[in-house]
Amino acid sequence: MTEVSSNSHSTELTSQYIAQVTGDLERNAKEQERVAAEIEALQEQLRALQHDHTVLVNMQDALGGPSPTPGSEAAAAPSVPHQASAEPKQSKGKKAAATSAKKTASKKPAAKPSSVKASTAAAKPTLVELIRGHLEKQNEPRSAAEITTALTQAHPDRSVKTTVVRTTLEGLVAKSHAHRSKQGSSVFYTTAVTSEPAPAEPQQETVSD
């Protein structure tokens, strides 16, 4: 009798332990899910703060303000976990601040790239100069597509389109800086530089006489 009672008692204890462990496992799994969700929310909030920080630093550099102190970045890190409970309410305000910061950042620093573009554009030859220079080097007529291909290979950093080249060539023809000839359905262009000095020489001779 004592053996039977002890066996039943141990069985009850084992079943109680199993139930307790099973409950603890379920609570542990739920706690892990909750903590993981909080970590993900905090990481997203941290990414938003880092993005806002980058935008503000760029704005400060553009406006010529002082560089941010290293302590300001370190102080921002511990404050993130305390804001976890208030995240749903504050996310809207932060998004609005980020969008306004983006708008102002896109307006203010635009002056620097424009000046840089202006200086680089002044240093680079214009498309008209490139087309005239290319035609002067050719002994045979060239089509707009051939000129576009040659300029694209010679200047890979520039975006040269056939339609723009054709329009530029027609403008040169209208100014008598280039000649246009048709061969079948294709149109070819040649430079007019060689034909310009011819009438100029007799005029100089008559003036000297």
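Further up the page is the structure itself.
Engineer: Please clarify how the nonpolar core should be interpreted in this entry.
Structural biologist: One recurring pattern in soluble globular proteins is that nonpolar side chains are buried together. Formed by 13 residues in total, the largest nonpolar core has its most connected members in Ile 131, Leu 135, Ile 147, Leu 151, Val 165 and Leu 169. Of all elements in the fold, only helix H6 (127–137), helix H7 (144–154) and helix H8 (162–174) reach the threshold of two or more residues within this core. Residues within four places of Leu 135 in sequence aside, it is in contact with Ile 147, Leu 169, Ala 178, Tyr 189, Thr 190 and Thr 191.

Engineer: What am I meant to see in the pairing of strand S1 (residues 178–183) here?
Structural biologist: Two faces belong to every sheet, and in a regular strand the side chains alternate between them. In the sheet, S1 pairs with strand S2 (residues 186–191) via six bridges, with the strands oriented antiparallel. For Ser 181, the partnering residue across the bridge sits in S2 and is Phe 188. In sequence, S1 turns back onto S2 through a hairpin of two residues, with Gly 184 there showing a positive phi of about 75°.

Engineer: I'm lost on the pattern of salt bridges in this one. Help?
Structural biologist: Under the definition given, this model contains five salt bridges. The partner of Asp 24 in a salt bridge is Arg 27, with the nearest N and O atoms 2.2 Å apart. Here Arg 27 and Asp 24 lie together in helix H1 (residues 2–63), a separation of three residues that amounts to about one turn. On the basis of relative accessible area, Arg 27 is assigned to the exposed category, the value being 53%. In this structure, Glu 170 engages Arg 180 in a salt bridge whose closest nitrogen and oxygen atoms are separated by 2.5 Å. One end of the pair, Glu 170, is in helix H8; the other, Arg 180, is in strand S1, and ten residues separate them in sequence. What makes Glu 170 partly exposed here is its relative accessible area of 28%. According to the relative accessible area criterion, Arg 180 is partly exposed, its value standing at 48%. What you see here is one network of salt bridges that share partners, running through Glu 31, Arg 34 and Glu 38.

Calculation criteria
Residues numbered from 1 in each chain as written. Predicted model: local features only at pLDDT ≥ 70, side-chain atom pairs only at ≥ 80, totals over all residues. Heavy atoms only, no water. Core = buried A, V, L, I, M, F, W, Y, C linked by side-chain atoms within 4.5 Å. Buried < 20%, exposed > 50% of the residue type's maximum accessible area, 1.4 Å probe, protein only. Helix = DSSP H or I, 4+ residues; strand = E, 2+ residues; numbered from the N terminus. Contact = heavy atoms within 4.5 Å. Pairing = 2+ DSSP bridges. Salt bridge = Lys/Arg side-chain N within 4 Å of Asp/Glu carboxyl O.

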